[in-house]
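Chain by chain, the residues run as shown.
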Amino acid sequence: MSFVESPERVALRQVVSDLGRRYGFEYFAKAARAGEHATELWAEAGRLGFLGVNLPTEYGGGGAGLYELSLVLEELGSAGCGLLMMVVSPAICGTVITRFGTPEQKQEWLPGLADGSRIMAFAITEPDAGSNSHNITTTARRDGDGWRLTGRKVYISGIDGADAVLVVARTEDARTGRLRPTLLIVPTDAPGLEYRPIEMELLTPERQFAVFLDDVALPADAVVGSPDAGIDQLFAGLNPERVMAAALSIGTARYAVGKAVAYAKERTVWSTPIGSHQGLAHPLAQVHIEVELARLMMQKAASLYDEGQYESAGEAANMAKYAAAEAAVRAVDQAVQCLGGNGLSTEYGLAPLLTMARAGRIAPVSREMILNFVAQTSLGLPRSY
Ligand SMILES: Cc1cc2nc3c(=O)[nH]c(=O)nc-3n(C[C@H](O)[C@H](O)[C@H](O)COP(=O)(O)OP(=O)(O)OC[C@H]3O[C@@H](n4cnc5c(N)ncnc54)[C@H](O)[C@@H]3O)c2cc1C
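## Some thoughts on the overall build of the chain
Along the chain, the regular secondary structure elements total 10 helices and 8 strands. A compact globule built from 385 residues would reach a C-alpha radius of gyration of about 21 Å, and the chain, at 21 Å, matches this within 12%. Contacts spanning at least 24 positions in sequence make up 70% of the contacts within the chain whose residues lie at least 6 apart. Summed over all atoms, the accessible surface of the chain reaches about 17,500 Å², with 52% contributed by carbon and sulfur.

Encoded structure:
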């Protein structure tokens, strides 16, 4: 085990960071305020091979792993322009198709996901089944050789810019009533699929949508993997999602702390810069430590996943996502505090990070559900629900 990043990873970190800094938070915020996607950044990151760095080389990817993909998102986030759809398109959808797709599905989707020319959204959350995925009612019914899909999803990120959405539906296990998740690729222009934006207090180019699926007809090969493969196949995508959510939180936290430290070195209202007052210096040091710890756990989770240690990776991914979200919430709050009134001004661009960091405590899996997982799985405590 080495804590020294390979020269390749160091170099990747540098070129991604350079790209992120060329665009920066101003570009990101302008696109979000105009209701536009971060199209130019996404396209350039795709062309440079950053979006598909984890996908197999035979399908146009970089042949590296989740470690590299999370590194890319962390660096873009730390430049103020973390691309939320990286959590979904290459990480969840790309991974699930790579691990469980047919050769035809891989050929159809992976090259486009790898170079960013095609985007896939992901839909599991439902109005009456948020944290409790076992309650989802979106149902895939067999119809001849194909399927009919009916249901409703909420908070689906970026479906307006996506070519397709990977929908988690249920086919019932009649004996137990337990969810047997089936993953279906649904083109966003399929008849019967509609979406409407949900107004959010988040300044991101990717918006969230309510999605309506009304008897959408799909071919047999819309299903990725086996319809009966169960929960493991779903978590093949959800654990990378957690690692990537951690990367986004860590990137955001690094960006905020960087801004605050630069400001605290300059701003002087007594005889020394405000950063010399321990009332500001200590909390900044504290959040820096917390971010570094979360980062280590994220790197551990990604490394375990890349080594095929999926069970341990699952536990570490949950812990990393928890630690990163908590660190980011505290880091952004402290950064805002450091800037005083400027912390809430539009000019300094820190205030929008308050809700962005806060979202990391809720999505893609809430803080409480991670604590439930750790209590039950790591500690063996009985469950209350
Ligand atoms: C910015 C953003 C982007 C998103 N993007 C996507 C997307 O692309 N695709 C997608 O499918 N979903 C997406 N989501 C949805 C997200 O995954 C859900 O919001 C999240 O899983 C929580 O579900 P919920 O909102 O229904 O909350 P609920 O499940 O209703 O939970 C409400 C509260 O109750 C707590 N709670 C629930 N059950 C328990 C329990 N057993 N023990 C203790 N506490 C409990 C929760 O932790 C939470 O605090 C997104 C959400 C946001 C905010």
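## Quick word on helix 5 (residues 103-115)
For helix 5, which comprises 13 residues, the first-to-last C-alpha distance of 18 Å matches the rise-based estimate of 18 Å (1.5 Å per residue) to within 8%. A bend of about 35° at W109 is the largest found in helix 5, and the proline P111 appears one to four places after it. In the core, the buried residues of helix 5 are packed alongside helix 2 (39-47), helix 4 (85-100), strand 1 (120-123), strand 4 (164-170), strand 5 (181-187) and strand 8 (223-224). In the stretch just after helix 5, G116 is the one whose phi turns positive, near 80°.

## Some points on the side chain of N318
Considering the arrangement of structural elements, one finds N318 in helix 8 (residues 310-338). Polar side-chain contacts of N318 include one of 3.1 Å to the side chain of R242. Among all residues touching N318, those that are not within four sequence positions of it are N239, R242, I370 and F373.

## Notes on the packing of helix 1 (residues 7-33) against helix 2
Two numbers describe how helix 1 lies on helix 2: the axes approach to 11 Å, and their chain directions differ by 165°. Overall, the two elements helix 1 and helix 2 adopt an arrangement that is roughly antiparallel. Helix 2 is crossed by helix 1, and the crossing has left-handed handedness. Here L19, R22, Y23 and Y27 of helix 1 come into contact with helix 2, specifically with T39, E40, L41, E44 and A45. For the contact of helix 1 with helix 2, a count of residues per class yields 5 nonpolar, 1 polar and 3 charged.

## Overview of helix 7 (residues 278-306)
For helix 7, with 29 residues, the first-to-last C-alpha span of 41 Å sits near the 42 Å given by 1.5 Å per residue. Count one or two residues on from helix 7 and you reach G308, which has phi positive near 75°.

## Brief notes about the pattern of salt bridges
In the structure shown here, the tally under the stated rule is 19 salt bridges. We note a salt bridge from E199 to R207, for which the minimum N-O separation is 3.1 Å. A relative accessible area of 29% means that R207 is categorised as partly exposed. With its nearest N and O atoms 2.8 Å apart, the salt bridge here joins E290 to R330. Pair noted here: E290 is in helix 7 and R330 is in helix 8, with a separation of 40 residues, a long-range link. In this structure, a network of salt bridges that share partners links the residues E5, R13, E74, E75, R254, E292 and R295.

## Section: the packing of aromatic side chains
The relative placement of two aromatic rings is captured by the distance of their centres and the angle of their planes. Enumeration over the complete set of coordinates arrives at 5 aromatic pairs. Seen from their ring centres, Y195 and F209 are 5.5 Å apart, and the 80° between their planes marks the pair as edge-to-face. Placement of the pair is Y195 in strand 6 (residues 193-198) and F209 in strand 7 (residues 208-218), with a sequence separation of 14 residues. One cation-aromatic arrangement involves R9 over Y67; the distance from NZ or CZ to the ring centre is 3.7 Å. Directly above the aromatic system of Y310 lies the positively charged group of R99, at a separation of 3.9 Å from the ring centroid.

## Concerning the site of the ligand
What surrounds the ligand is a group of 19 residues, the closest being T125, S131, Y155, S366 and E368. I124 is positioned such that a nitrogen or oxygen atom in its backbone is 2.8 Å from an oxygen atom of the ligand. Of all elements in the fold, only strand 1, strand 3 (146-157) and helix 10 (367-378) reach the threshold of two or more residues within the shell around the ligand. A per-class count over the shell around the ligand returns 11 nonpolar, 7 polar and 1 charged.

Criteria and cut-off values
Residues numbered from 1 in each chain as written. Predicted model: local features only at pLDDT ≥ 70, side-chain atom pairs only at ≥ 80, totals over all residues. Heavy atoms only, no water. Helix = DSSP H or I, 4+ residues; strand = E, 2+ residues; numbered from the N terminus. Rg over C-alpha atoms; globule rule 2.2 N^0.38 Å. Contact = heavy atoms within 4.5 Å. Areas by Shrake-Rupley, 256 points an atom, 1.4 Å probe, with all protein chains shown as cover. Expected span 1.5 Å × (residues − 1). Bend = angle between axes of the 7 residues up to and from the residue. Polar contact = N/O pair within 3.5 Å; in protein donor to acceptor, adjacent residues only side chain to side chain. Axes fitted to C-alpha atoms, helices over the stretch in contact; angles between N-to-C directions. Parallel < 35°, antiparallel > 145°, perpendicular 65-115°, else oblique. Left-handed = near helix turned anticlockwise from the far one by under 90°. Nonpolar A, V, L, I, M, F, W, Y, C, P; charged D, E, K, R; others polar. Salt bridge = Lys/Arg side-chain N within 4 Å of Asp/Glu carboxyl O. Buried < 20%, exposed > 50% of the residue type's maximum accessible area, 1.4 Å probe, protein only. Phe/Tyr/Trp six-rings, centres within 6.5 Å; stacked < 30°, edge-to-face > 60°. Lys NZ or Arg CZ within 6 Å of the ring centre and 35° of its normal. Near = heavy atom within 4 Å.

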